[in-house]
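An overview of the molecular structure
Chain by chain, the residues run as shown.
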Amino acid sequence: MISLATARALDAADPLRSYRDLFATATAGDAGGSTEGGTGTDPFGTVYLDGNSLGRPTTASIENVHRFLTEEWGSRLIRGWDERWMALPEVIGDRMGQVALGAAPGQTIVGDSTTVLLYKLIRAALRARPDRDEVVIDADSFPTDRFVLQGIAAECGVTLRLVHTDAAAGVVPETLADVLGPRTALVVLSQVAYRSGFLADAPAITDIVHRAGALMLWDVCHSAGVVPTELDAWGVDIAVGCTYKYLNGGPGSPAFAYVRADLQTELEQPIWGWMGAADVFAMAPDYAPARGMRRYLSGTPPISAMIAMQHTLELIADAGMGPIREKSVALTEFVIELADTTLARHGVRVSSPRNAERRGSHVTLSHRSFRAVTAALWRRNVIPDFRSPDGLRVGLAPLSTSFEEAFRGMAAIDDELDAAAHRNDGAAPSGTEVSGAS
Ligand SMILES: *Cc1c(COP(=O)(O)O)cnc(C)c1O
């Protein structure tokens, strides 16, 4: 049986344990809600199990943002653009490509939100395959990915082909093979499914998509910085991902786009703006796209929102994606074992893949009381999130989550399930969904 002592022993043996100390501590008193019946006096502070939705800040990144505001914006004023800011989308993009994406320089840029980059790159891909009129997407993919595609379908007259999968699983090469054909222009899939945590076999899928003559776009929102990704080696065409999850860029930090070097002249995005033009200050009468990744910019990039992620990239470079993945797997295995040994008696099911090779860094548990349980957990500073209809996601960020934190979170879930059973009202009351963006 796993005890608090087991969790502490795992922390003591964890080669990445010291990274946790670099994160700003969220104390229990910081919670917005009431701490009634909770851990208000518990020195452990907030149990944060939602780093897959919004990563925690490091102390250094808070200082870096402050220094940016005072020393760069405050002192350099407009000169900052020439001195550093103009190059930052590519500088950070290249570093991200190097440490987290397996991408050689010149293929990654930090720019708009994930949603906007999806729009721009899907349009660019369709334009590059004018003789094909179908786009394939997973029916259970993140809403914004589907909505953007629905909008493009309505705008451009392409047909969406939805791949249906078992909710606990995800898209596998065999299911995909059935929908690919000579009409497929593009396939859009998430490397890690936001709901189940299913980790797709990206190299195998990219390969079959290419054999069908289509382009492959990977959404790496839930994998960037936590699951090793080798975009160059896998021959991926396009990738998009966000930076406020495992990259700790902060709420609304801009997303990044990857376009394989040899596709950049062919893939032309539809939002022509001065920042993506060949000569930004030529003030030319007509648009001509910049060479390389700058052509995927449109307007002025959100520089102040790009600062925080830089420190995480250095931590990833220092820790290494291999050890990060090992700890992520160990944490998810630990949570699944706790679910099986302590929560199964309440009827909780594990909805994430049990095979670690097919699992990202969060574990989704299912129970009909989880909407109410999640609300009760937030009131006691234990923060997982809830996804309709009955999923509680336990997000495990290897650089900031300890085994003790995961243990305490699982014990609190057990408590709240007991309380829900005693109220004899296992049915979820209606209410708003708990959780921010994800
Ligand atoms: C988090 C997430 C997004 C977020 O898109 P925004 O434009 O940043 O709101 C999109 N897609 C997936 C798969 C995500 O996990």
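This structure is a prediction, so every number in the text was calculated from the model and none was measured. (Residues numbered from 1 in each chain as written. Predicted model: local features only at pLDDT ≥ 70, side-chain atom pairs only at ≥ 80, totals over all residues. Heavy atoms only, no water.)

1. Quick notes on the overall build of the protein chain
When its secondary structure is counted, the protein chain shows 13 helices and 13 strands. Relative to a compact globule of 438 residues, whose C-alpha radius of gyration would be 22 Å, the protein chain shows 22 Å and is just as compact. Principal-axis analysis of the C-alpha atoms gives the protein chain an extent of 70 × 60 × 40 Å. Residue burial in the protein chain is summarised as follows: out of 438 residues, 55% are buried. Considering only residue pairs separated by 6 or more positions, the protein chain has 74% of its internal contacts joining residues 24 or more positions apart. By element, 55% of the accessible surface of the protein chain is carried by carbon and sulfur atoms, the whole surface being about 17700 Å². With 39 positive and 53 negative side-chain charges, the protein chain shows a spacing of 2 Å between the two charge centroids. (Helix = DSSP H or I, 4+ residues; strand = E, 2+ residues; numbered from the N terminus. Rg over C-alpha atoms; globule rule 2.2 N^0.38 Å. Buried < 20%, exposed > 50% of the residue type's maximum accessible area, 1.4 Å probe, protein only. Contact = heavy atoms within 4.5 Å. Areas by Shrake-Rupley, 256 points an atom, 1.4 Å probe, with all protein chains shown as cover. Lys, Arg positive; Asp, Glu negative; His and termini not counted. Charge placed at Lys NZ, Arg CZ, Asp CG, Glu CD.)

2. Comments concerning the sheet that holds strand 3 (residues 134–138)
The seven strands are arranged 2-8-7-6-5-3-4 in an open sheet whose pairing can be described as mixed. Only two strands of the sheet have a single partner each, and these edge strands are strand 2 (108–110) and strand 4 (159–163). The mean angle between the axes of side-by-side strands here comes to 20°, regardless of whether they run parallel or antiparallel. Bridge analysis of strand 2 against strand 8 (residues 256–259) gives three bridges, and the strand direction is antiparallel. By the bridge assignment for strand 8, Thr108 is matched with Tyr258. Relative to strand 7 (residues 238–241), helix 5 (residues 114–127) is tilted by about 170°, and along the sheet it contacts strand 3, strand 5 (184–190), strand 6 (215–219), strand 7 and strand 8. (Pairing = 2+ DSSP bridges. Axes fitted to C-alpha atoms, helices over the stretch in contact; angles between N-to-C directions.)

3. Re the layout of surface pockets
Computed from the structure, the largest pocket encloses a volume of approximately 510 Å³. The wall of the largest pocket is formed by 26 residues, among which Tyr48, Leu54, Gly55, Pro57 and Pro251 lie closest to the centre. Sorting the residues of the lining of the largest pocket by element identifies helix 2 (59–76) and helix 10 (307–319) as the ones contributing at least two each. Its residues placed into classes, the lining of the largest pocket shows 14 nonpolar, 10 polar and two charged. Residues from two domains meet in the lining of the largest pocket; each of domain 1 (4–57 + 320–423) and domain 2 (62–307) gives at least three. (1 Å grid on protein atoms, 1.4 Å probe; cavity = no way out; pocket = protein on both sides within 12 Å on 5 of 7 lines; lining within 4 Å. Points joined across faces, edges and corners; volume = space filled by probe spheres on them. Nonpolar A, V, L, I, M, F, W, Y, C, P; charged D, E, K, R; others polar. Domains from an automatic or database assignment.)

4. Points about the environment of Arg183
Locating Arg183 in the fold gives a position in the loop between helix 7 (173–179) and strand 5. Considering only alpha carbons, one finds Arg183 and Met293, 110 residues apart in sequence, at a separation of 28 Å.

5. Side note on the packing of helix 5 against helix 6 (residues 143–156)
The description of two packed helices rests on the angle between their axes and on the distance between the axes. The interhelical angle for the contact between helix 5 and helix 6, taken along N-to-C directions, is 40°, at an axis separation of 10 Å. Between helix 5 and helix 6, the interaxial angle falls into the category oblique. Seen from above, helix 5 lies across helix 6 with right-handed handedness. Mapping the contact onto sequence places Thr115, Leu118, Tyr119, Ile122, Arg123 and Leu126 in helix 5 and Thr144, Asp145, Val148, Leu149, Ile152, Glu155 and Cys156 in helix 6. For the contact of helix 5 with helix 6, the class distribution of residues is eight nonpolar, two polar and three charged. (Parallel < 35°, antiparallel > 145°, perpendicular 65-115°, else oblique. Left-handed = near helix turned anticlockwise from the far one by under 90°.)

6. A short note on the pairing of strand 4
Relative to strand 4, strand 3 is paired through five bridges, and the arrangement is parallel. Among the inter-strand pairings, Val136 is bridged to a residue of strand 4, identified as Arg161. Between the parallel elements strand 3 and strand 4, the chain passes through helix 6 in a crossover that is right-handed. (Right-handed = clockwise from strand over helix to strand, strands pointing away.)

7. Notes on the domain arrangement of the protein chain
With domains assigned, the protein chain is organised as domain 1 (4–57 + 320–423) and domain 2 (62–307). Once you take the C-alpha centre of each, domain 1 and domain 2 turn out to be 29 Å apart. Note on domain 1 versus domain 2: buried area summed over both sides is about 2100 Å², and carbon and sulfur give 59% of it. Three residues, Met321, Arg358 and His362, lead the burial of domain 1 against domain 2; their summed loss comes to 28% of the area buried on that side. Joining domain 1 to domain 2, the criterion identifies 13 residue pairs in polar contact (both at pLDDT 80 or more). Secondary structure elements with two or more residues in the side of domain 1 that touches domain 2: helix 11 (321–343) and strand 10 (362–366). If one sorts the elements of the side of domain 1 that touches domain 2 by residue count, helix 11 sits on top with four residues. Classifying every residue of the side of domain 1 that touches domain 2 by side-chain character gives 11 nonpolar, 12 polar and seven charged. (Buried area = accessible area lost by both parts, 1.4 Å probe. Polar contact = N/O pair within 3.5 Å; in protein donor to acceptor, adjacent residues only side chain to side chain.)

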